[in-house]
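# Examining the three-dimensional arrangement
What follows is each chain in one-letter form.
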Amino acid sequence: SQQGEEDPQALSIQEGENATMNCSYKTSINNLQWYRQNSGRGLVHLILIRSNEREKHSGRLRVTLDTSKKSSSLLITASRAADTASYFCATASQGAQKLVFGQGTRLTINP
Amino acid sequence: ETGVTQSPTHLIKTRGQQVTLRCSSQSGHNTVSWYQQALGQGPQFIFQYYREEENGRGNFPPRFSGLQFPNYSSELNVNALELDDSALYLCASSRGGVGLAGATDTQYFGPGTRLTVL
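These notes cover the structure that comes with them. In this text the structure is predicted, and so the values were computed from the model without any measurement.

### A few points about the overall build of chain A
Of regular secondary structure, chain A possesses 0 helices and 11 strands. Shown N-terminal to C-terminal, the secondary structure of chain A runs as helices and strands in the order β-β-β-β-β-β-β-β-β-β-β. Over its C-alpha atoms chain A spans a radius of gyration of 13 Å, differing by no more than 12% from the 13 Å that the globule rule assigns to 111 residues. Counting only C-alpha atoms and orienting by the principal axes, one finds that chain A spans roughly 45 × 25 × 20 Å. Counting over 111 residues, chain A shows a buried share of 45%. Of the contacts formed within chain A by residues at least 6 apart in sequence, a portion of 55% connects residues at least 24 apart.

Here it is in structure tokens:
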């Protein structure tokens, strides 16, 4: 079963704009991770944020986590055509190494 | 590139057949997890192997089984294939078992095996 729900399911923006994707989850977590997937290929790890962190940055990526609302957001700034992909959030609960994924957001960057 | 490899890349089988998928973990990693990703869905956890033992299983029937070898590579076997088994099968490697010091939280995924069941 999926724990996370990404919103929106699909997002289409112009190159150079910022893209924001949201993720909600249901149970307590140890950490939350964001992955990118291009055209049904393998998942690429983007960033991990722990339950005691509120914000994290990596290059053009910014992730926030609100454990009181059980939600996270991924912001991609100054988007590029190469950012076109599906983005998934995945949660890891305390004591469990398995990741529970949402259904993903399909991001399209238009040149 | 994560250093995790999977074979084969694509596979076509017919209903009722059996299939074996293979995964080589990243150097230094002793844990392999398998996920099934149906079209348009997020990956779903099948099971995990740590030091050659099954270390957690998702909601999949017993006809999904696995192995981990001393070099930490792994196999996923699926018996009596059904049409709904058509999916992308992903393996991910990481270091450490549940709750152990030094265990990593990040899982590194391979490129996947696309299985089509006709």
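### Observations concerning the overall build of chain B
A tally of regular secondary structure across chain B gives 0 helices and 11 strands. Put simply, chain B runs from its N terminus to its C terminus through helices and strands in the order β-β-β-β-β-β-β-β-β-β-β. Whereas a compact globule of 118 residues would reach a radius of gyration of roughly 13 Å, chain B reaches 14 Å, a difference of no more than 12%. With respect to the three principal axes, the spread of C-alpha positions in chain B is 45 × 30 × 25 Å. Expressed as a percentage of its 118 residues, the buried residues of chain B come to 49%. Contacts in chain B between residues at least 24 apart in sequence constitute 56% of all its contacts with a sequence separation of at least 6. Each charge sign in chain B was given a centre, from 8 positive and 9 negative side chains, and these centres are 4 Å apart.

### Here's the deal with the environment of Pro61 of chain B
All names here are of chain B. Structurally, Pro61 can be placed in the loop between strand 6 (53–57) and strand 7 (64–68). By relative accessible area, Pro61 is classed as partly exposed at 34%. In this structure, the C-alpha to C-alpha distance between Pro61 and Leu81, residues 20 residues apart in sequence, is 12 Å.

### Details of the sheet that holds strand 3 (residues 19–24) of chain B
Residue and element names in this part refer to chain B. Taking strand neighbours across the sheet as the criterion, the 4 strands line up as 1-3-8-7 in an open arrangement whose pairing is antiparallel. Bordering the open sheet on either side are strand 1 (5–7) and strand 7, each of which pairs with just one other strand. Taking the axes of each pair of neighbouring strands and ignoring which way they run, one obtains an average angle of 20° across the sheet.

### Some points on the pairing of strand 4 (residues 31–37) of chain B
Residues and elements named next belong to chain B. Of all the 7 residues making up strand 4, 7 are buried; the element is thus mostly covered by neighbouring parts of the structure. Every second residue of strand 4 is oriented toward a common face, with Thr31, Ser33, Tyr35 and Gln37 on one face and Val32, Trp34 and Gln36 on the other, all of them buried. Strand direction decides the pairing type here: strand 4 and strand 5 (residues 44–50), joined by 6 bridges, are antiparallel. Within the sheet, the bridge partner assigned to Val32 lies in strand 5 and is Tyr49. Linking two consecutive strands that pair antiparallel, namely strand 4 and strand 5, is a turn of 6 residues; a positive phi of about 80° is found at Gly40 within it. With 7 bridges connecting them, strand 4 and strand 9 (residues 87–94) associate as antiparallel partners. Residue pairing in the sheet places Val32 in a bridge with Ser93 of strand 9.

### Some words on the state of the cysteines
For the structure shown, the criterion picks out 2 disulfides over all chains. Here Cys23 of chain A engages in a disulfide with Cys89 of chain A; their sulfurs sit 2.0 Å apart. Here the S-S torsion is close to 65°, and the disulfide linking Cys23 of chain A with Cys89 of chain A is therefore right-handed. Here the residue Cys23 of chain A occupies a position in strand 3 (residues 19–24), and Cys89 of chain A occupies one in strand 9 (residues 85–92), the gap between them amounting to 66 residues. Considered together, Cys23 of chain A and Cys89 of chain A belong to a single accessibility category, that of buried residues. The residue that forms a disulfide with Cys23 of chain B is Cys91 of chain B, at a sulfur-sulfur distance of 1.9 Å.

### A look at the nonpolar core
Side chains of nonpolar character tend, in soluble globular proteins, to be buried together. Judged by nonpolar contacts, the single largest core of 21 residues is most densely connected at Leu32, Trp34, Leu74, Ile76, Tyr87 and Leu107 of chain A. Among the secondary structure elements, those contributing two or more residues to this core are strand 3, strand 4 (31–37), strand 5 (43–50), strand 7 (61–66), strand 8 (71–76), strand 9 and strand 11 (105–110) of chain A. Apart from residues lying up to four places away in sequence, Leu107 of chain A is in contact with Leu11, Ile13, Ala19, Met21, Ile76, Asp83, Thr84, Ala85 and Tyr87 of chain A. Formed by 20 residues, the second largest nonpolar core is a distinct cluster that contains Val4, Val19, Leu21 and Ala87 of chain B.

What counts, and at which threshold
- Residues numbered from 1 in each chain as written.
- Chains lettered and ligands numbered in written order.
- Predicted model: local features only at pLDDT ≥ 70, side-chain atom pairs only at ≥ 80, totals over all residues.
- Heavy atoms only, no water.
- Helix = DSSP H or I, 4+ residues; strand = E, 2+ residues; numbered from the N terminus.
- Rg over C-alpha atoms; globule rule 2.2 N^0.38 Å.
- Buried < 20%, exposed > 50% of the residue type's maximum accessible area, 1.4 Å probe, protein only.
- Contact = heavy atoms within 4.5 Å.
- Lys, Arg positive; Asp, Glu negative; His and termini not counted.
- Charge placed at Lys NZ, Arg CZ, Asp CG, Glu CD.
- Pairing = 2+ DSSP bridges.
- Axes fitted to C-alpha atoms, helices over the stretch in contact; angles between N-to-C directions.
- Disulfide = S-S within 2.5 Å.
- Core = buried A, V, L, I, M, F, W, Y, C linked by side-chain atoms within 4.5 Å.

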